[in-house]
Structures are given as structure tokens and as C-alpha cells.
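# Close look at the chain arrangement
Here is what each chain is made of, one letter per residue.
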Amino acid sequence: MQDSQERLRARRVGIGWGHFIGQMVSVLEQEPRRHGPVQTICPLLGSAGIPIRNYHSNENVRLGAEPYFLNLPALAQSWEERELLCSTQLYRQTHLQWEQMDTALVNIGNYPSTPDFASVARYGDLLHRNRACGRLLNYYFNQEGEIITSDRDFAIQIPREVLSRCPRVIGLCSANTAASALEGALNTG
């Protein structure tokens, strides 16, 4: 890992969640901690309300660098709750870390998928109508790379415009990820 960190020149890293990222974190935890170039690491979205460690973003940032925690849920219950949670000092500190990060590790997953992350409650039939094929963090997209938006999406995660300014965004996916999801993720830019 240290050699790849040196090649990437990663100093300020953001990390997503998911099965594959959770497996990567588990492997890295077994390695002896080295003093590599990574200085800070922070989650890119809140924690899911499911009992699977891979989807608890604060657990994924405990890798030896200075961790920043985002003790917020991935999904708020309403727009008002999301606005309230995103107005906290905790969120503002995390947002500052996002603005300063030089490398983001994001998961690329299929749609539909398990866990589902309340997609019907957040999008109604928009994902079906817009031919969603995948998910990057908690953003859904179609094969053309169009991010599908909804006025009921109360997800707490790095804003797309902030992620797009990160110099290095590294998408990670498993062998089970559909080619259409991978193509759509690449097309998001």
C-alpha cells in the first residue's frame, strides 16, 4: 500500500463505503501500519442504518492516518432534517476536508442492488424511468453517465460538484459489477 500511496501522492483521502471497499479496508488493517504519505482520511458519506460494517463509513477511515469522522446518517428522514444535519459544525468540518482532499476512493455498484438504500422512497419510479444502471457512492446514474436527481433524495454525502474538483477519483468495483454500471460510472466524468 505504501508504494501505491507514493505513486498516487495521496495526502488527503476520502473513502466511500460498500462491500468491496470494506474488504479492502479489512486487508489494509491486517498490514503493519506504516508511516506513508497519507495525512488525513475522511468518509465521503454518512453511515447506513444497516448492521454491516462495510457501510459504516467511520469504520472505513481507521487506517493509520488522522481520521475525520462524519457521525451522521447516510439518509436523513426529510429535507428539513438533512438541512439541519448539514448545518452542524461536524458536517462543516467534514466539508472542509472534502474541499482539501486530493484523492477519493469511491465504490461503483449495480442498480438494483442490495442493500437498496431506500431508492423507491428517495426516487419513486425515476430510477426506472431514467434507466438507472449503477450507483457511485449514493448517487444513481444511467449508462450515459447522467446522474439521476430527485427532490426527495435526502442523502448526506459529498456534493457532486466538490467530488468533481478532486484531482484523483478512483472507482473501485467488484467482478460482479455489470459492464453497464462501470461504463455509466466512467461516463459521469
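What comes next is a walk through the structure. Everything numeric in this text was worked out from a predicted model, so none of it was measured. (Residues numbered from 1 in each chain as written. Predicted model: local features only at pLDDT ≥ 70, side-chain atom pairs only at ≥ 80, totals over all residues. Heavy atoms only, no water.)

Take the overall build of the protein next. Secondary structure assignment for the protein yields nine helices and seven strands. For 189 residues, the compact-globule formula gives about 16 Å, and the C-alpha radius of gyration of the protein, at 16 Å, lands near that figure. If one aligns the C-alpha atoms of the protein with their principal axes, the spans along those axes are about 50 × 40 × 30 Å. For the protein, the proportion of its 189 residues judged to be buried stands at 46%. (Helix = DSSP H or I, 4+ residues; strand = E, 2+ residues; numbered from the N terminus. Rg over C-alpha atoms; globule rule 2.2 N^0.38 Å. Buried < 20%, exposed > 50% of the residue type's maximum accessible area, 1.4 Å probe, protein only.)

Moving on: the pairing of strand S5 (residues 132–136). When you tally the buried positions in S5, you get five out of five residues, the bulk of the element. Here strand S4 (residues 103–110) runs beside S5; their pairing, made up of three bridges, is antiparallel. Note that in S5 the partner of Ile108 across the bridge is Leu136. Two elements, S5 and strand S6 (residues 139–142), share four bridges in a ladder whose sense is antiparallel. What sits directly across from Ala132, in S6, is Asn142. Connecting S5 to the antiparallel partner S6 that follows it, the hairpin turn spans two residues, and Leu137 within it adopts a positive phi of roughly 55°. (Pairing = 2+ DSSP bridges.)

What follows concerns the layout of surface pockets. Empty space left among the atoms is revealed by rolling a probe the size of a water molecule over them. Of the voids in this model, the second largest pocket is the one considered here, and its volume is about 350 Å³. Secondary structure elements with two or more residues in the lining of the second largest pocket: S4, helix H8 (160–164), strand S7 (168–172) and helix H9 (179–187). Residue composition of the lining of the second largest pocket, grouped by class: 10 nonpolar, four polar and one charged. (1 Å grid on protein atoms, 1.4 Å probe; cavity = no way out; pocket = protein on both sides within 12 Å on 5 of 7 lines; lining within 4 Å. Points joined across faces, edges and corners; volume = space filled by probe spheres on them. Nonpolar A, V, L, I, M, F, W, Y, C, P; charged D, E, K, R; others polar.)

Let us look at the nonpolar core. Membership of the largest hydrophobic core comes to 36 residues, with the highest contact counts inside it found for Leu44, Trp98, Met101, Ile158 and Leu163. Of all elements in the fold, only helix H4 (79–86), helix H5 (89–100), S4, helix H7 (126–129), S5, S6 and H8 reach the threshold of two or more residues within this core. Ignoring any residue separated from it by four or fewer positions in sequence, one finds Leu44 in contact with Gly14, Ile15, Gly16, Trp98, Met101, Ala104, Leu105, Val106, Leu137, Gln157 and Ile158. In terms of nonpolar packing, the next biggest core, distinct from the first, is built from 11 residues, Ala10, Val25, Val38 and Val61 among them. (Core = buried A, V, L, I, M, F, W, Y, C linked by side-chain atoms within 4.5 Å. Contact = heavy atoms within 4.5 Å.)

Attention shifts here to helix H2 (residues 19–30). Taking 1.5 Å of rise per residue, the 12 residues of H2 would be expected to cover 16 Å, and the 17 Å separating its terminal C-alpha atoms lies within 8% of that figure. Three or more residues of H2 are buried, namely Ile21, Gly22 and Val25. In an axial view of H2, the angular spread of the buried residues amounts to 100°, which keeps them on one side of the axis. The elements touched by buried residues of H2 are strand S1 (12–15), helix H3 (57–60), S4 and S7. (Expected span 1.5 Å × (residues − 1). Arc of directions from axis to C-beta.)

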